[in-house]
Amino acid sequence: MRLLSLILIALLPLPSLAFEDNFLNAQTAYDSGRYAEATLLYENMVSNGISNTEVYYNLANACFKDGDLPTAIQYYRIAWYNAPRDPDIRANLHFALNAAGAIDPAPGFIDRALFSLSVSEWIMVAIGSYLVLMLLLMLALFMKSTRRSILKLCLIPMAATLLAGAGWRQWYQLKSNPEWIVVKTEATALFGPIDNSTAHYKLPLGALVRQTGTDPKGWIEVEYDGKTGWLRRAYLERVSP
Amino acid sequence: MASAFSADVKMSIQPQLISLLDRAVLKVEFIDTTGAAIDFPEIDGLKIQYQGPSTETRIINLKSTRKVVHSYVVTPSKVGDFTIGPVTAKYKGGEKVLSGQLRVIKPEDDKDAQEISELMFSRITTDREAPHIYEPFGLTLKVYIRDGVQIDGNFGIRGGMPESGMDGELQWQVTNRKRQEMNGSIFNVYTLVTTAKTLTAGTFTFQPQVQMNIIVPRQNRRSYGFDDPFFGDFFGRQETRPFVLDCNKLDVEVRPVPMKGRPDSYTGGVGIFDFDVQVGPKKVKAGEPITVRMRIAGKGNIEKITPPLIENSHEFKLYDARTVATGNSDEVLFEQVLIPKSDSVTNVPEITFSYFNTKTTDFRTIKQGPFPVTVEDVPQQGAQVIATVPSTIQQGTTVLGRDIVYLKPMPRIWKTAADSAWYSKRLSRLLLGLPALFLLLISGIAARRNTLANNTALARRQKAPKAARKHIQRAEHALREKDSLAFHAALWDALTEYFGHRLNLPPGEVTQQAVCSRIPQEAETIGTLFETIEQQRYGFGESRNDEMKPLLKQLTATMRTCEKVKL
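These numbers were taken from a predicted model, which means no experiment stands behind them. (Residues numbered from 1 in each chain as written. Chains lettered and ligands numbered in written order. Predicted model: local features only at pLDDT ≥ 70, side-chain atom pairs only at ≥ 80, totals over all residues.)

Here the focus is the overall build of chain B. Per the secondary structure count, chain B includes 9 helices and 28 strands. Scored against the burial criterion, the 567 residues of chain B give a buried share of 26%. Considering only residue pairs separated by 6 or more positions, chain B has 71% of its internal contacts joining residues 24 or more positions apart. (Helix = DSSP H or I, 4+ residues; strand = E, 2+ residues; numbered from the N terminus. Buried ≥ 20, exposed ≤ 12 C-beta atoms within 10 Å, placed from the backbone. Contact = placed C-beta atoms within 7 Å.)

Printed below as a string of structure tokens:
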């Protein structure tokens, strides 16, 4: 029994060692200019369930260098979902969008502020505020002389909880209005969800668009650069989870 | 309000006779029903474009009718008789087959033209057969308009350009206009030019869709009896109609910068350039900065060139190069600060700039230096370095950012998609609920304590059963000991203390009358208990066990009943 346990313990780090090897090999391939090979290695890690931001970012870099701009933008965006304040991800995403001739999504001040923390960070803020609020309320119950001041202090975690709720909702909206990326050339958004509808605007390969509506016949209403138009589903690939 | 009409679908084309330069409006009306827009099949010579839906509600003699109208614009590209449809329109309650006729005739001022492409078209050409990546190449777009067709002179390019790999958007400029004879007809030829540059190698296809507005006399239109709601002003004599011109497809094969013969000092330049370096000051103390200004000027991808590398030496501390704005798009100025560490430095090393020459299609290398400098030794040079470096950097410099940021290092912990965050685990959720539950519990206890402290009657009411229980236990003990006196004394205490607390009576006021008046529904039983216990307490003679037991039972039963009584 003890022997079996020892064998199991010894086997546990194996997958992580394999990932480390993959990661280092991919980096070597990248540094040697073998971008397709680096892409394959990073993709292999992703398909094996690895979801580290660093892997998504490096995969995007390899795709970019390999000339596959839409995939690069897609992975930069996924990395950005996990680490929205990372300057490297933002810089490379901006650079790749620029190279693709696509517009960098520019949300307003409030949206930008709410997107400054990732969904898990907002949840942590909410949990932290909730615990602080509970603690303050308990103190208020016992410390009668300072109850009024403590209750006033409770406004801070309450506000933080509300803010965290707004931040979480902002990310949650990506489920109902997901982000897509244009993966085919000659993508033209139309005014209506039928083939012979009037063309509204062109979408470059690699453009990030936000879904605003759907049609049962396989059309998706997308917003790009402040304009809304209909695009066939085949032109798009979903980016947001 | 009832509906005036039954559900129906109608299709109309207005007008049914148009010229090659005109257009018609097709409408599909769903009357008192709803239906989706129809996807019309393609018809050679006609372009049918969906414009969107609109709704209309009419009330006539308190009866309403509602229409959903899907509008399309029909643009001809050649003359002829056309049948649009048959198409099946499905609506709530049925379906209907629709079709319509449209005749397109030659324009009045050009009887020879059979197709629109004979009147107007565009052609695109390039000045380079196979340019290299980053190498600028010219594109020329000629727009041919048959003499007699009036346009407003504004051109717009609506797509048809490579989707990716281009360096920025193309800016077209109209350079000239001339008349030219082609196939026996006179054309006005407008020339638009631009300069393109690619970020990647490969085949780039250009087929711009030139949109322009032609001016059509309103009289012509009225002669067809056509009232177009989309275009033209109401009172004007002329109106403009947008057209998109046919254009040839131009494939430009962009070659990559060759790997063969690429020198180590190559920094991405493609074109024809000059390289000049200035170093100053020439006489410094150890630890003081020397600024190297590298100017690259010429034609090519000037903005893509990264700074030439200065050979790193242990004798110098090298800072990152920065670009300095010059205001000239044909030159770039890099400024790099290097600091001699000691007085042993005698010169700034040779600086090499290599670029790919698009004229000779090979790599060229330009060398500058070495640059002699005099370095004097001073103590405490480290402090001087820090103090002097910022002053050498001019305002208006920008940090270089011409490539993507390098890879990220290996993460310390591997996360998998299957790993859920700690807060989404069931145990964590349960634990997170504990503080709230604990708070509720504490607040409940505190509220109860507060209430009991402020409400004596309630506090005594709640105390009553407990107080009675204590004396009943005493009575049970006395019963077992067969001590009649103690038994009845305990029962009396239980009775008075229970009702004293239960009815919030002062100790001296717990009498049979006071209790019975407050609990009239149990007055008889309570009265009997008071009398029996009192008699036994102060009476003579011993009670038997079989008399004491029922009395105890009756007392506990009465108190239990009184617990349920609402006062």
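Moving on from the model shown.
This brings us to the overall build of chain A. Secondary structure summary: chain A contains 10 helices and 7 strands in total. Relative to its 241 residues, chain A shows a buried fraction of 35%. In chain A, once contacts between residues fewer than 6 apart in sequence are set aside, the share between residues at least 24 apart is 56%.

Another point: the interface of chain B and chain A. The partner chain A presents 44 residues to the 35 residues of chain B that form the contact. Elements represented by at least two residues in the side of chain B that touches chain A include exactly strand S4 (46-60) and helix H4 (426-454) of chain B. Looking at the side of chain B that touches chain A, the element that brings in the most residues is H4 of chain B, giving 7 residues. Class assignment for the residues of the side of chain B that touches chain A results in 22 nonpolar, 9 polar and 4 charged. (Nonpolar A, V, L, I, M, F, W, Y, C, P; charged D, E, K, R; others polar.)

Right, let's get into helix H3 (residues 35-47) of chain A. Within an α-helix, residues lying three or four positions from one another point in the same direction, as the helix has 3.6 residues per turn. Residue and element names in this part refer to chain A. End to end, H3 covers 18 Å across 13 residues, agreeing with the expected 18 Å (1.5 Å per residue, within 8%). All of the buried residues along H3 are Ala38, Thr39, Leu41, Tyr42 and Met45. Each buried residue of H3 lies within a common arc of 165° when the element is viewed along its axis, so the set occupies one face. Among the residues trailing H3, Gly49 stands out with phi positive, at a value near 100°. (Expected span 1.5 Å × (residues − 1). Arc of directions from axis to C-beta.)

Moving on to the environment of Arg295 of chain B. Tracing the backbone shows Arg295 of chain B in strand S19 (residues 290-300). Between the C-alpha atoms of Arg295 of chain B and Phe334 of chain B, which are 39 residues apart in sequence, the distance is 6.4 Å.

Another aspect to go through is the sheet that holds strand S3 (residues 24-31) of chain B. Residue and element names in this part refer to chain B. Strand order in the open sheet formed by 4 strands is S1-S3-S5-S4, with antiparallel pairing between adjacent strands. The sheet is open, and its two borders are formed by strand S1 (8-14) and S4, each paired with just one other strand. Between one strand axis and the next, the sheet turns through 20° on average, direction left out of account. The sheet contact formed by S1 and S3 spans 7 bridges and is antiparallel. By the bridge assignment, Met11 is partnered in S3 with Val28. (Pairing = 2+ DSSP bridges. Axes fitted to C-alpha atoms, helices over the stretch in contact; angles between N-to-C directions.)

This brings us to the pairing of S4 of chain B. Residue and element names in this part refer to chain B. Relative to strand S5 (residues 63-76), S4 runs antiparallel, the two sharing 14 bridges. Bridged to Gln49 within S5 is Val73. Here S4 hands over to S5 after 2 residues, with Asn61 in that stretch at a positive phi of 50°.

Turning next to the packing of helix H4 (residues 53-65) of chain A against helix H5 (residues 69-82) of chain A. All names here are of chain A. Two numbers describe how H4 lies on H5: the axes approach to 8 Å, and their chain directions differ by 160°. The orientation of H4 with respect to H5, classified from their angle, is roughly antiparallel. Handedness of the crossing formed by H4 with H5: left-handed. Residue-level contacts link Thr53, Tyr56, Tyr57, Leu59, Ala60, Cys63 and Phe64 of H4 to Leu69, Thr71, Ala72, Tyr75, Tyr76, Ile78, Ala79 and Asn82 of H5. Taken together, the residues of the contact of H4 with H5 break down into 12 nonpolar, 3 polar and no charged. (Parallel < 35°, antiparallel > 145°, perpendicular 65-115°, else oblique. Left-handed = near helix turned anticlockwise from the far one by under 90°.)

Below, the discussion takes up the confidence of the model for chain A. All names here are of chain A. Taken residue by residue, chain A gives an average pLDDT of 88. The fraction at 70 or more is 93%. Confidence scores differ between elements of chain A, with helix H1 (residues 2-11) showing the lowest mean pLDDT of 51 and strand S1 (residues 179-182) the highest of 95. Here residues 8-14 is a poorly scored stretch, pLDDT under 50, and it has 0 contacts once near neighbours within four places are set aside; other chains count. (pLDDT = per-residue confidence, 0-100.)

Residue and element names in this part refer to chain B. Helix length check: helix H6 (residues 484-502) (19 residues) gives 26 Å between terminal C-alpha atoms against 27 Å at 1.5 Å per residue, within 8%. Here H6 lies mainly inside the structure; 14 of its 19 residues are buried. Two residues or fewer past H6, Asn504 is found with a positive phi of approximately 55°.

Right, let's get into the environment of Pro411 of chain B. By the element assignment, Pro411 of chain B lies in the loop between strand S28 (397-399) and H4. For Pro411 of chain B, a count of 15 C-beta atoms within 10 Å puts it in the partly exposed group. Ignoring sequence-local partners within four residues, the contact set of Pro411 of chain B consists of Asn52 and Glu54 of chain A.

Our focus in this paragraph is the pairing of strand S4 (residues 208-215) of chain A. All names here are of chain A. Alignment of S1 against S4, held across 3 bridges, turns out to be antiparallel. Opposite Glu179, over in S4, you have Arg210 as the bridge partner. As paired strands, S4 and strand S5 (residues 219-224) are joined by 5 bridges and run antiparallel to one another. Directly across from Thr214, in S5, lies its bridge partner Ile220. Here S4 folds back onto S5, and the loop between the two strands holds 3 residues, one of which, Gly218, carries a positive phi near 90°.

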